[in-house]
Each structure stands twice: as C-alpha cells, then as structure tokens.
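Spelled out, the chains give:
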Amino acid sequence: MALHKTERDRFADVYAAPLSRQPLPRFRMPQWSSDPREVYELVSSELALDGDAAQNLATFCTTWSEPEVHRLMNENIDKNMIDKDEYPRTAEIESRCVHILAHLWHAPHDHSAVGCSTTGSSEAAMLGGLALKRRWRERRIKAGLPADRPNLVCGPVQVCWEKFARYFDVELRQVPLEEGATGLRPHQLREHVDENTIGVVAILGVTFTCAYEPVAEIAAELDAVERDTGLDVPIHVDAASGGFVAPFVQPDLVWDFRLSRVASINASGHKYGLAPLGVGWIVWREPSCLPDELVFQVDYLGGSMPTFALNFSRPGSEVIAQYYTMLRLGRDGYRAVQQVCLDTAAYLADELAATGRFTLVHDGRGAVPGVSYTLADPAEPFSLYDLSDTLRMRGWQVPTYPLPAARDRTVVQRALIRHGVSRDRVSLLVADLRWALSRLTTGPASPARRTGFHH
Ligand SMILES: *Cc1c(COP(=O)(O)O)cnc(C)c1O
C-alpha cells in the first residue's frame with residue numbers, strides 16, 4: 001500500500017493514519033514527511049514497551065523528576081554547555097554547582113576549587129584518570145625516570161575505569177576480592193602499588209555490592225606505604241553514587257578532601273544527585289592537582305573559564321536541572337530523600353533475610369541505599385538468574401551477575417532503592433519475591449489450584 005498522504009488522511013485517527021498501517025521504518029528514512037501528532041503517538045507507543053522505570057531496581061539513575069525540572073529543561077533545551085560566551089548564566093550555574101560540591105566534599109579552599117560538569121561519572125573518571133597520569137608522568141620525567149608503564153590500582157571498579165585504562169594505555173591493577181569482602185581492603189594495596197602507580201581508585205558505593213570502600217583506611221595504608229618506601233600515591237574517589245549520599249546521611253564518615261591524600265572526586269549528578277540523566281561532576285582538591293596542559297582556557301565575561309572535557313557541545317539543561325535540585329531540596333531535603341531510601345533498603349534487606357533463603361552481602365545500611373545478596377543454600381533447585389527471570393514476569397528488573405574479580409565467581413543479586421521507589425512499591429516486590437520463590441521451588445500453580453477449583 002502506498003503511504004502517500006491524501007487530503008482525507010489529514011483528518012484520520014492516529015491509528016488509521018498511513019504511518020500506523022505498517023511497521024515503522026527500520027532501515028531507510030521515509031521519503032515523505034508525516035503529521036507530528038501521528039509520529040509522536042507511534043514513537044511514544046513503541047517506547048512504552050521499555051517497561052516501567054519504577055520497577056527497574058537495576059539502575060542507580062534518576063527515574064523521577066518534579067514537573068519544574070521538566071519545565072526548566074524544556075525552556076533551556078537550546079543551551080550549549082560549551083558556549084560559555086553565548087550562555088554566561090548557564091556557565092555561571094555550572095561553576096556554582098562545582099563550588100557547592102567542593103564545599104560539600106570539604107575541599108580546603110572551596111572558593112577556588114577546580115572542577116567541571118561532565119556527561120556522567122564515566123567522563124569524569126576519564127578526566128580524573130588523565131590528571132593522575134599526567135601528574136605522575138611529570139614527576140617521573142623531572143626525576144629522569146622512565147614514564148612509559150603507568151598503572152592504576154583499584155578494587156572491583158565499574159567498567160568506566162577499564163575503559164580509561166584501555167583508551168589511555170594504563171595498566172589496570174584490579175585487586176582480587178577477598179572472600180566475604182565487598183570491596184578493596186587496605187592491606188591488599190602494598191602488594192600492588194609501585195613507582196609506576198599513578199593513583200589508587202577508592203569507590204564510595206561499589207557498583208556490584210552497594211558497599212563503601214574504606215577510603216580513610218586506604219589513605220592510612222598509603223601513608224604507611226609512603227613512610228616505608230617513599231612512594232606518594234594519590235587517591236581518586238569514585239563517588240558516583242555515594243558522593244550525593246554520604247554528605248547527607250553519613251556526615252561523620254571521612255572519605256573526601258578531609259583526607260589530604262584524596263586528589264579528586266567524581267559523582268554522578270544523575271544518580272543520587274537526583275538530577276535527570278546526563279550530568280556528572282569532578283572536583284579536584286586544588287588547582288595543582290589538575291595539570292595546566294590539560295586545561296583549555298575559554299574567555300568569557302572578561303574572566304577566564306578553564307575547560308577540561310572530552311565532549312565539545314553538550315546540553316546545558318542537565319546542569320541547570322542539577323542546580324535546581326540543589327536549591328529546591330537543600331541539605332535537609334537531600335537528607336530526607338536519601339534517608340527514606342536507606343530505610344526502605346533496610347526494610348527490603350530484613351524481608352529478604354526473613355525468607356531464610358538469602359545471605360546478605362550488603363544489608364542496605366550505612367552505604368548506598370540498596371541490597372545485595374547471594375543464595376543461602378547453594379543446593380537450591382534454582383539459581384539467582386532463575387529468580388531474576390521469574391521476577392521479570394511481574395515486571396521487576398532485579399539483576400544477577402558474578403562479582404568481578406572474585407576468586408570464587410560468587411553470583412549476587414542486587415536491588416537499588418532510589419528517589420521515587422516507594423516503600424509501597426518495595427512491599428509489592430517483596431510479595432512477588434515470595435511468589436517467585438514458591439513458584440521456583442514447587443513449580444507453577446496448576447490451573448485448578450490457581451482458580452481455587454475443587455473436585
Ligand atoms: C555508575 C557508576 C559509574 C559510571 O557512571 P555514569 O554516570 O553512569 O557514567 C562509575 N563508577 C561507579 C562506582 C558507578 O556506580
């Protein structure tokens with residue numbers, strides 16, 4: 001059937017219109033233009049099949065935003081983050097966010113902190129890693145030593161650090177997880193750190209378990225290494241999720257620039273920073289932590305704005321939305337939101353424990369709001385993968401994966417609780433989890449049992 005529009009088609013119902021009478025184009029751009037209402041409806045209807053974000057407990061990322069965020073982003077859809085001359089207010093808002101974060105993370109001189117927004121923690125990790133590499137290289141060259149075999153030491157890192165290592169020719173020394181550990185343990189460092197180590201990455205919120213690595217103890221161990229060997233190894237804290245959690249609900253935990261060994265910190269604005277997708281942050285302790293050659297000066301408003309980024313053009317609206325969330329919630333608001341998430345995570349952990357079927361790896365307390373667990377009995381007639389599949393039948397996305405760098409390839413399941421995942425939702429998950437366990441143990445109910453029919 002030809003899909004040429006006729007006068008009469010203009011008044012057709014969306015689902016009687018030409019575009020909806022066949023599958024949407026997959027390989028070729030259509031020749032003709034279509035009515036915006038039709039296209040919107042059809043694309044939107046296809047995307048509805050992506051599922052319900054609030055049932056997706058696999059992601060750390062923001063899935064709920066206030067209407068004002070939508071409005072601000074809509075109004076600023078045309079703002080390019082890189083055009084600091086053209087959009088000086090957007091640039092100023094980025095700079096305010098950097099200073100607010102520097103203060104939140106206890107930078108020694110927060111009014112002159114250096115940092116920038118990024119597309120997420122992955123880009124921020126690239127920038128942090130590049131700064132470490134450059135500083136190490138400068139030190140080596142100044143001392144007349146070879147600078148061709150850099151390495152980076154870390155525990156079970158998110159894939160962005162593996163990318164950094166491969167893209168920028170750095171050896172990634174991923175320290176194997178010890179049995180029962182949820183992340184890097186300080187005593188493991190000595191064996192892996194040497195004169196070619198550009199830095200150690202400590203993670204505030206290990207992606208795979210939700211636990212925090214003990215940054216202060218890692219710093220203390222590196223202090224001891226320096227005393228014993230003279231090696232001065234800086235720390236970069238990957239606080240992708242914890243950077244917006246710990247300052248509000250674990251304020252006494254010392255993990256940030258209060259530790260002099262911490263050179264830089266990244267966080268994802270679009271995770272527990274509560275901004276919509278597309279914004280991350282990196283802050284350096286002081287200007288000397290960011291080598292000059294990596295920074296390109298962009299002049300605007302008579303001043304000079306240092307830029308350090310992998311992208312050039314990038315939307316400014318995410319950064320504006322981040323500033324909105326900071327002003328809107330304030331410290332009290334962030335604390336309230338994160339505390340409710342933590343309480344819900346603890347509730348889920350207790351419910352999981354109460355089934356008697358799981359061993360908690362992280363119990364939802366004292367770190368990122370989420371739980372991770374293994375099967376208590378390895379002889380269960382099903383695996384955690386089966387449990388994920390069965391929960392999926394009820395719409396829930398609860399991922400199962402092997403712990404990376406674990407010597408025994410432990411398989412864990414993880415559920416994240418974030419802004420917009422209510423206690424009610426999680427109580428429904430618990431009910432479905434019990435249903436799934438019984439289904440996996442005794443098989444699906446027969447039709448007769450399902451309808452309660454008796455002979
Ligand atoms: C999510 C995550 C990243 C990557 O962050 P994006 O913002 O998704 O690029 C890096 N590190 C850790 C620990 C993470 O949890």
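Residues numbered from 1 in each chain as written. Predicted model: local features only at pLDDT ≥ 70, side-chain atom pairs only at ≥ 80, totals over all residues. Heavy atoms only, no water.

J.: Help me out: how do you make sense of the packing of aromatic side chains in this one?
T.: Two measures describe an aromatic ring pair: the distance that separates the ring centres and the angle between the ring planes. The final tally for this structure, using the stated rule, is eight aromatic pairs. Their ring planes at 75° and their centres at 6.1 Å tell us that Trp-161 and Phe-164 sit as a pair that is edge-to-face. Residue Trp-161 and its partner Phe-164 are both found in helix H5 (residues 159-167); the two are separated by three residues, about one turn of the helix. Owing to a relative accessible area of 0%, Trp-161 belongs among the buried residues under this scheme. Relative accessible area serves as the criterion here: at 0%, Phe-164 is assigned to the buried category. Judged by centre distance (4.8 Å) and plane angle (15°), the ring pair of Phe-248 and Tyr-334 falls under stacked. Remark: Tyr-334 occurs in helix H8 (residues 317-354) and Phe-248 occurs in helix H7 (residues 246-249); sequence separation between them is 86 residues. Judged by its relative accessible area of 6%, Phe-248 falls in the buried class. Members of the aromatic cluster, joined through ring pairs, are Trp-161, Phe-164 and Phe-168. (Phe/Tyr/Trp six-rings, centres within 6.5 Å; stacked < 30°, edge-to-face > 60°. Helix = DSSP H or I, 4+ residues; strand = E, 2+ residues; numbered from the N terminus. Buried < 20%, exposed > 50% of the residue type's maximum accessible area, 1.4 Å probe, protein only.)

J.: What is the right way to read the nonpolar core from this model?
T.: Side chains that are nonpolar tend, in soluble globular proteins, to be buried together. Counting 55 residues, the largest nonpolar core has Trp-105, Val-200, Val-237 and Trp-255 as its most contacted members. Mapped onto this core, the elements with two or more residues apiece are helix H3 (88-104), strand E4 (197-203), helix H6 (215-229), strand E5 (235-238), H7, strand E6 (262-268), strand E7 (280-284) and H8. A domain split of this core shows at least three residues from each of domain 2 (68-326) and domain 3 (330-442). (Core = buried A, V, L, I, M, F, W, Y, C linked by side-chain atoms within 4.5 Å. Domains from an automatic or database assignment.)

J.: Looking at this model, I keep getting lost on the packing of H3 against H8. Mind explaining?
T.: Two quantities define a packed helix pair, namely the angle between the axes and the distance from one axis to the other. It is at 9 Å that the axes of H3 and H8 come closest, and there the two elements cross at 45°. The orientation of H3 with respect to H8, classified from their angle, is oblique. Helix-helix and strand crossings are classified by hand; for H3 and H8 the assignment is left-handed. On the side of H3, the interface is formed by Thr-90, Ile-93, Glu-94, Arg-96, Cys-97, Ile-100, Leu-101, His-103 and Leu-104, while H8 contributes Val-319, Ile-320, Gln-322, Tyr-323, Met-326 and Arg-331. Tallied by class, the residues present in the contact of H3 with H8 amount to nine nonpolar, three polar and three charged. (Axes fitted to C-alpha atoms, helices over the stretch in contact; angles between N-to-C directions. Parallel < 35°, antiparallel > 145°, perpendicular 65-115°, else oblique. Left-handed = near helix turned anticlockwise from the far one by under 90°. Contact = heavy atoms within 4.5 Å. Nonpolar A, V, L, I, M, F, W, Y, C, P; charged D, E, K, R; others polar.)

J.: Even after reading the chapter, I still don't get the sheet that holds E6, so can you show me in this structure?
T.: In sheet architecture, strand pairing relies on hydrogen bonds along the backbone and comes in two forms, parallel and antiparallel. Spatially, E1-E7-E6-E5-E4-E2-E3 is the arrangement adopted by the seven strands of the open sheet, whose pairing is mixed. Because the sheet does not close on itself, it has two edges, and the strands there are strand E1 (114-118) and strand E3 (171-174). The mean angle between the axes of side-by-side strands here comes to 20°, regardless of whether they run parallel or antiparallel. Of the pairings in the sheet, the one linking strand E2 (residues 151-154) to E4 comprises four bridges and is parallel in character. (Pairing = 2+ DSSP bridges.)

J.: Looking at this model, I keep getting lost on the sheet that holds strand E11 (residues 370-375). Mind explaining?
T.: Pairing is antiparallel across the open sheet formed by four strands, whose spatial order is E10-E11-E13-E12. Every interior strand has two partners, whereas the edge strands, strand E10 (358-362) and strand E12 (400-402), have only one. Geometrically, the sheet is characterised by an average inter-axis angle of 35° between neighbouring strands, direction not taken into account. Looking at chain direction, E10 and E11 are connected through four bridges and run antiparallel. By the bridge assignment for E11, Thr-359 is matched with Thr-374.

J.: Sorry if this is basic, but what is going on with the UniProt feature "modified residue: N6-(pyridoxal phosphate)lysine" (unreviewed entry) in the chain here?
T.: With numbering aligned to this structure, UniProt lists the feature "modified residue: N6-(pyridoxal phosphate)lysine" (unreviewed entry) at Lys-271. Along the chain, Lys-271 turns up in the loop between E6 and E7. Accessibility expressed as a relative area gives 14% for Lys-271, which makes it buried. (UniProt positions renumbered as here; feature names shortened; annotations may be inferred.)

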